[in-house]
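# Close look at the chain arrangement
Now for the letters of each chain:
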Amino acid sequence: YALFFETMLPSVMVARDALMTPMTGSMFPNVAKIFIEGCNEMERLDYWDDVHGLKMTPMKERMVSELTQDAHVEIVSDENIVTNRKEIIAFDLNTCKDADLDFEVPFELHLRDNDKSR
């Protein structure tokens, strides 16, 4: 998580390039992958309907707007996952360069069948 979202990977790559060659070592772990999957946590938004007795629905509307504009990295219960998981990109940490970290990747998510009675 921190290597990508706290922008620590470029610092690790500088240390790697200064201290290591393919003949003198390897990064561990040597692969980093980014995955995406969709979730539905509507009950999280229901909080704003009654905040200690106060109706705060304007905040609920703002949260909906914020949550649907950008991707978020969060811990989500498995029962709230509503799509397949898709690998977006994988990096070989022994060879990746700083320029590799700026990427765009097309992807497609599909709703999964959550019917557990089958």
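Note on numbering: residues in each chain are counted from 1, in written sequence order. The model is predicted, so local features are restricted to residues of pLDDT at least 70 and side-chain atom pairs to those at 80 or more, both for listing and for counting; the totals for chains, interfaces and linings are taken over all residues. Only heavy atoms go into the side-chain values, all of them from the structure, while hydrogens and water stay out.

### What to know about the overall build of the protein chain
Using the following cut-off: A helix here means a DSSP run of H or I that spans at least four residues, while a strand means a run of E at least two residues long, and both kinds are numbered starting from the N terminus. Exposed residues in this analysis have more than 50% of their type's maximum accessible area, buried residues have under 20%, and partly exposed residues fall in between, with area computed by a 1.4 Å probe over protein chains only. The contact definition used throughout considers only heavy atoms, calling two residues in contact when any of these lie within 4.5 Å. A residue counts as positive if it is Lys or Arg and as negative if it is Asp or Glu; His and the chain ends are not included. By convention, charge coordinates are those of NZ in Lys, CZ in Arg, CG in Asp, or CD in Glu.
When helices and strands are counted, the protein chain shows 4 helices and 2 strands. Helices and strands in the protein chain line up, N terminus first, as α-α-β-α-α-β. The dimensions of the protein chain, computed from C-alpha atoms along their principal axes, are 65 × 40 × 25 Å. Burial status across the protein chain gives 18% buried among its 118 residues. Pairs at least 24 residues apart make up 71% of the contacts formed inside the protein chain by residues separated by at least 6 positions. On the protein chain, the mean spot of the 12 positive side-chain charges and the mean spot of the 23 negative ones are 3 Å from each other.

### Details of the nonpolar core
Cut-off, in case you're wondering: What makes a nonpolar core is a set of buried Ala, Val, Leu, Ile, Met, Phe, Trp, Tyr and Cys residues whose side-chain atoms join them at distances within 4.5 Å.
By size, the foremost hydrophobic cluster in this structure holds 11 residues: L9, M13, M20, M27, A32, I34, I88, I89, F91, L93 and C96. Only helix 2 (9-19), strand 1 (31-36) and strand 2 (86-92) provide two or more residues apiece to this core. In terms of residues, this core owes the most to one element, strand 2, which gives 3 residues. Once residues lying within four places of it in the same chain are set aside, the contact partners of I88 are I34, F35, I36, F103, V105 and F107.

### Some words on the packing of aromatic side chains
Two aromatic rings, taken as a pair, are described by how far apart their centres are and by the angle between their planes. For clarity, the threshold we go by: Each Phe, Tyr or Trp ring (for Trp, its six-membered ring) is paired with any other whose centre lies within 6.5 Å, and the angle between the two planes then decides the class: stacked below 30 degrees, edge-to-face above 60, tilted in between. Think of it as a cone above the ring: NZ of Lys or CZ of Arg counts as a charge over the ring if it is within 6 Å of the ring centre and within 35 degrees of the ring normal.
Taken as a whole and judged by the stated rule, the model has 3 aromatic pairs. Their ring planes at 35° and their centres at 5.4 Å tell us that F4 and F91 sit as a pair that is tilted. With F4 in helix 1 (residues 2-5) and F91 in strand 2, this residue pair connects regions lying 87 residues apart in the sequence. With a relative accessible area of 5%, F91 lands in the buried category. Taken together through their ring pairs, the aromatic side chains of F4, F91 and F103 make up a single cluster. The ring of F35 has R85 sitting right over it, with the charged end atom 6.0 Å from the ring centre.

### As for a nonpolar patch on the surface
Operational definition: To count toward a patch, a residue needs a relative accessible area over 30% and no salt bridge; like charges are then connected within 9 Å, while nonpolar side chains (Val, Leu, Ile, Met, Phe, Trp, Tyr) are connected within 5 Å. For accessible areas, the Shrake-Rupley method is used with a probe of radius 1.4 Å. Any residue's cover is judged against the shown protein chains and nothing else. Just to be clear on terms, a salt bridge is a Lys or Arg side-chain nitrogen sitting within 4 Å of an Asp or Glu carboxyl oxygen.
Taken together, Y1, F5 and V73 make up a surface patch of nonpolar side chains, about 340 Å² in accessible area. Take F5: it is sitting in helix 1. For F5, a relative accessible area of 44% corresponds to the partly exposed category.

### Let's talk about the pattern of salt bridges
For the structure shown, the criterion picks out 9 salt bridges. A salt bridge links R62 to E66, with the shortest nitrogen-to-oxygen separation between them at 2.9 Å. One end of the pair is R62 and the other is E66, both in helix 4 (residues 57-69) and 4 residues apart, which spans about a single turn. For R62, a relative accessible area of 51% gives the class exposed. Assessed through its relative accessible area of 37%, E66 is described here as partly exposed.

### Focus on unusual backbone geometry
With omega at -5°, the peptide bond leading from F28 into P29 counts as cis. Among the secondary structure elements, P29 is positioned in the loop between helix 2 and strand 1. Even without being a glycine, T7 presents a positive backbone phi close to 55°. For T7, the location among the structural elements is in the loop between helix 1 and helix 2. A positive phi angle is found at H52, which is not glycine, with a value near 50°. Its place among the elements puts H52 in the loop between helix 3 (42-46) and helix 4. A relative accessible area of 78% means that H52 is categorised as exposed.

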